[in-house]
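# A closer look at the structure
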Amino acid sequence: MRETRRILLDGYPVDVVRDGDDLVAGDGRVTAIADAVHLPPVTPSKIICVHLNYRSRVDEMMTKLPPAPTYFHKPVSALNSHDAAVVRPELCKWLNYEGEIAIVIGRTCRNVSPEEAGDYIRGYTVANDYGLHDFRDTDSGSMLRVKGSDTLCPVGPGVVEGWDFRGKRLRTIVNGEVKQDATTDEMEWDMHYLVADIARTITLQPGDLLLSGTPAISRTVYPGDVVEVEVEGLGTLRNHIVTGPTPIRDDVGAQPTETEEVLSTAQGGDWEFRGIRPPKPPASEI
């Protein structure tokens, strides 16, 4: 397997290859991984994410998988990197992690079969599909602000080529405590299926990212928390949570809310009414 990363080297973005604990640039310069300033390892034209895929997540939420995958889009402005800050805007409270594996497209892909899809995949990287559930009431259809706000898509630290996604362990660790723990065998739809499904109508370009879903136990994190997503064979993506210095403006647009829809999603299987009744709609809809 081969792992490539992108770092700042003497102030300039440089692609490097991992060699043990070092990163080696094409001109021979060597940087220790511990000293590197990481950038996102790819520059995608689009970031596409699967809603539900892991059976443990479906069971936790007491729901059912749809007959085929459903997706949402993160704008590329949400892209973030290993060891960087994830920003929770002032006046927001319900920021959740979702440890995932991201597929990295290697060449232009359109209208391929699942059996062919692997030939269009460059490799894989670790992702954290953060969600700002304070906007779930207003953006539940598009997920635009929920999942697409700035910094909410860290990926990295590198792209690993030649990695077999089958039977691999994924864990999310918050402040040293394991929260999510699953394997890719829980996925209903594998990586090749997802690529082929999207590419039926959407042309995938080199560098594009497809996030493949999260297992059970997505929970809220807070400023000061350190969140790590560890995937067997891909490494560990680490980020810390900070509060944004600028509050959400209150003179335009929908405001952050704390309805049962917000709480039921942010608290996952811990929501007190899970399995008893569905979330009550916002008062404005009653």
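Residues numbered from 1 in each chain as written. Predicted model: local features only at pLDDT ≥ 70, side-chain atom pairs only at ≥ 80, totals over all residues. Heavy atoms only, no water.

## Some details on the sheet that holds strand S20 (residues 235-247)
Our working definition: One requirement defines pairing of two strands: DSSP has to find at least two bridges between them. Think of it this way: any DSSP run of H or I at least four residues long counts as a helix, any run of E at least two long counts as a strand, and we number them from the N terminus. Helix axes are fitted to C-alpha atoms over the stretch in contact, other axes to C-alpha atoms as well, and angles between N-to-C directions run from 0 to 180 degrees.
If you trace the five strands from one edge of the open sheet to the other, you get S9-S20-S19-S15-S16, paired in mixed fashion. Sheet topology places strand S9 (85-90) and strand S16 (177-183) at the edges, where each strand pairs with a single neighbour. The sheet shows a mean angle of 20° between the axes of neighbouring strands, direction not considered.

## A closer look at unusual backbone geometry
Note the cut-off: Exposure categories follow from relative accessible area, calculated using a 1.4 Å probe and restricted to protein chains: below 20% of the type maximum is buried, above 50% is exposed, and the middle band is partly exposed.
Here the bond from Gly156 into Pro157 is cis, since omega is 5°, no more than 30 degrees from zero. Phi angles above zero are rare outside glycine, and Asp10 is one such case at about 55°. Tracing the chain through its elements places Asp10 in the loop between strand S1 (2-9) and strand S2 (12-19). Take Asp10: its relative accessible area is 69%, and that puts it in the exposed class.

## Regarding the side chain of Ser218
Test applied: In protein, a polar contact requires one atom able to donate a hydrogen and another able to accept it; more generally it is a pair of N or O atoms within 3.5 Å, and residues adjacent in sequence count only if both atoms are side-chain atoms.
Mapped onto the elements of the fold, Ser218 is located in the loop between strand S17 (209-211) and strand S18 (220-221). Within the local environment of Ser218, its side chain forms a polar contact with the backbone oxygen of Tyr97, the two atoms lying 2.7 Å apart.

## Re helix H5 (residues 191-198)
Defined as follows: The criterion used for residue contact is that any of the two residues' heavy atoms lie within 4.5 Å.
With seven of eight residues buried, H5 is to be regarded as a mostly interior element. Those residues of H5 that sit buried are Met191, His192, Leu194, Val195, Ala196, Asp197 and Ile198. For H5, the elements touching its buried residues are strand S6 (47-50), strand S7 (71-74), strand S11 (99-105), helix H2 (114-117), strand S12 (121-128) and S17.

## Observations regarding the packing of aromatic side chains
Stated formally: Each Phe, Tyr or Trp ring, with Trp reduced to its six-membered ring, pairs with another whose centre is within 6.5 Å; inter-plane angles below 30 degrees give stacked pairs, above 60 give edge-to-face pairs, and intermediate values give tilted ones. Should the NZ of a Lys or the CZ of an Arg lie within 6 Å of a ring centre and within 35 degrees of the ring normal, that charge is described as sitting over the ring.
With the rule as written, the count across this model stands at three aromatic pairs. Judged by centre distance (5.4 Å) and plane angle (75°), the rings of Trp271 and Phe273 are edge-to-face. The buried category is assigned to Trp271, whose relative accessible area is 5%. A network of ring pairs unites the aromatic residues Tyr124, Trp163 and Phe165 as a single cluster. When the ring centre of Tyr120 is taken as reference, the NZ or CZ atom of Arg107 above it lies at 4.0 Å. Taking NZ or CZ as reference, Arg277 lies 3.9 Å from the ring centre of Phe273, over its face.

## Some thoughts on the pattern of salt bridges
Convention followed: Should a side-chain nitrogen of Lys or Arg be within 4 Å of a carboxyl oxygen of Asp or Glu, the pair is scored as a salt bridge.
The full count for this structure, using the stated rule, is 27 salt bridges. Two residues, Asp27 and Arg29, come together in a salt bridge whose shortest N-O distance is 2.9 Å. Take Asp27: its relative accessible area is 53%, and that puts it in the exposed class. Here Arg29 falls in the partly exposed class, since its relative accessible area comes to 34%. A salt bridge links Glu258 to Lys93, with the nearest nitrogen and oxygen atoms 2.9 Å apart.

## A few points about helix H6 (residues 260-267)
Of all eight residues in H6, six are buried; the element is thus mostly enclosed. Each element contacted by the buried residues of H6 is listed here: strand S10 (95-96), helix H3 (136-139) and S18. Directly beyond the C-terminal end of H6, a positive phi value near 55° is found at Gly268.

## Focus: the sheet that holds S18
Within a sheet, each strand pairs with its neighbour through backbone hydrogen bonds, oriented either parallel or antiparallel. Sheet architecture is open: three strands sit in the order S13-S10-S18, paired in antiparallel fashion. The two strands at the open ends of the sheet, each matched to only one other strand, are strand S13 (131-132) and S18. Two elements, S10 and S18, share two bridges in a ladder whose sense is antiparallel. Counted as the bridge partner of Asn96 is Thr220 from S18.

## Some thoughts on the side chain of Asp129
Mapped onto the fold, Asp129 is located in the loop between S12 and S13. In this structure, Asp129 is in contact with Cys49, Phe72, Lys74, Asn96, Glu98, Glu100, Lys147, Leu152 and Leu211, ignoring residues within four places of it in sequence.

## Here's the deal with the pairing of S7
The alternating pattern of S7 places Phe72 and Lys74 on a buried face and Tyr71 and His73 on a face that is not buried. Here S6 pairs with S7 via four bridges, running antiparallel. Across the sheet, residue Ile47 finds its bridge partner in S7, namely Lys74.

## Here's the deal with the nonpolar core
What counts is decided by this rule: The set of buried Ala, Val, Leu, Ile, Met, Phe, Trp, Tyr and Cys residues whose side-chain atoms join them within 4.5 Å is what this entry labels a nonpolar core.
Core analysis: the largest hydrophobic core is formed by 32 residues, its most contacted members being Ile101, Ile103, Tyr124, Val195 and Leu204. Elements supplying a minimum of two residues to this core: S6, S11, S12, H5 and strand S19 (226-231). The element that contributes the greatest number of residues to this core is H5, accounting for five residues. Ignoring any residue separated from it by four or fewer positions in sequence, one finds Ile103 in contact with Ile121, Gly123, Tyr124, Met191, Leu194, Val195, Asp208, Leu209 and Leu210.

## Observations regarding the environment of Pro247
Looking at the secondary structure, you find Pro247 in strand S20. Taking the relative accessible area as the measure of exposure, Pro247 reaches 40% and is therefore partly exposed. On a C-alpha basis, the gap between Pro247 and Arg88 in space is 9.9 Å, while along the polypeptide they are 159 residues apart. Setting aside its immediate chain neighbours within four residues, Pro247 contacts Glu90 and Leu91.

Keep in mind these values describe shape, not function.
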